[in-house]
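Inside the fold
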Amino acid sequence: MSDKGMMEKEEIFSKVLRAGRRTYFFDVRATRADDYYLTITESKKFTNDDGSFFYKKHKIYLYKEDFAGFNEILQEMTDFILNEKGEEVISERHQKDFKKEYETSENGVAQGASPEKFTDVSFDDI
């Protein structure tokens, strides 16, 4: 690859956000015309059955002409989520070791009870 080709791929400015099994890379890169654009890469770690691991990556290219619209919609969407659901993370059920303590019926009402709600009964009491 030529020196010019190497320069196209060089990051001008970078930041990394580590978020559990996901890592987000924000990289400013230069076009051939020496203008800047942003790449956002999500890298997620997965484990194979044999214990080895691999990463899946997804990339978005964002150009200057789209910044204002992108920022506006991103802000609107994040504000909506935080206003509707707050900042507390409630996605424990998506973790591998999550254990469901109750079942929900079709109308969303919890069925069953947690172990703390059972009464300890001795056969001598019956």
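- As annotated in an unreviewed UniProt entry, the chain carries the name DNA-binding protein and comes from Salegentibacter salarius.
- Per its UniProt entry, the chain bears the Sequence similarities (unreviewed entry) comment "Belongs to the PUR DNA-binding protein family."

1. Thoughts on the pattern of salt bridges
- According to the stated counting rule, one finds three salt bridges in the structure shown.
- One salt bridge in this structure joins Arg22 and Glu42, with 2.9 Å as the shortest N-O distance. Of the two residues, Arg22 is situated in strand E2 (residues 22-30) and Glu42 in strand E3 (residues 36-47); the sequence distance between them amounts to 20 residues.
- The buried category is assigned to Glu42, whose relative accessible area is 19%.

2. Observations concerning the side chain of Asp27
- By the element assignment, Asp27 lies in strand E2.
- By relative accessible area, which is 7% here, Asp27 ends up buried.

3. Points about the pairing of strand E4 (residues 53-63)
- Judged from the eleven bridges that link them, E3 and E4 form a sheet pairing that is antiparallel. Within E4, the residue paired with Tyr37 across the bridge is Tyr63.
- What sits between E3 and E4 in their antiparallel hairpin is a turn of five residues, with Gly51 showing a positive phi close to 95°.

4. Observations regarding the sheet that holds E3
- Strand order in the open sheet made by the four strands is E1-E2-E3-E4, with antiparallel pairing throughout. Edge strands, defined here as strands with exactly one partner in the open sheet, are strand E1 (11-19) and E4. Strand after strand, the sheet turns through a mean of 20° between neighbouring axes, direction not considered.

5. Here we look at the packing of aromatic side chains
- By the definition in use, this model includes four aromatic pairs.
- When the centroid spacing of 6.2 Å and the interplanar angle of 35° are considered together, the rings of Tyr37 and Tyr61 count as tilted. Here the residue Tyr37 occupies a position in strand E3, and Tyr61 occupies one in strand E4, the gap between them amounting to 24 residues.
- Among the residues examined, Tyr61 registers a relative accessible area of 47% and is labelled partly exposed.
- Ring centres of Phe53 and Tyr55 lie 5.9 Å apart, and the angle between their planes is 85°; on these two criteria the pair is classed as edge-to-face.

6. Looking at helix H2 (residues 67-85)
- Here H2 contains 19 residues, and its C-alpha end-to-end distance of 27 Å stays within 8% of the 27 Å for a straight helix at 1.5 Å per residue.
- Of the residues flanking the end of H2, it is Gly86, one or two places downstream, whose phi is positive at about 75°.

7. Side note on unusual backbone geometry
- Non-glycine residue Asp34 carries a positive phi angle of around 65°.
- By relative accessible area, which is 57% here, Asp34 ends up exposed.

The rules behind each value
Residues numbered from 1 in each chain as written. Predicted model: local features only at pLDDT ≥ 70, side-chain atom pairs only at ≥ 80, totals over all residues. Heavy atoms only, no water. UniProt positions renumbered as here; feature names shortened; annotations may be inferred. Salt bridge = Lys/Arg side-chain N within 4 Å of Asp/Glu carboxyl O. Helix = DSSP H or I, 4+ residues; strand = E, 2+ residues; numbered from the N terminus. Buried < 20%, exposed > 50% of the residue type's maximum accessible area, 1.4 Å probe, protein only. Pairing = 2+ DSSP bridges. Axes fitted to C-alpha atoms, helices over the stretch in contact; angles between N-to-C directions. Phe/Tyr/Trp six-rings, centres within 6.5 Å; stacked < 30°, edge-to-face > 60°. Expected span 1.5 Å × (residues − 1).

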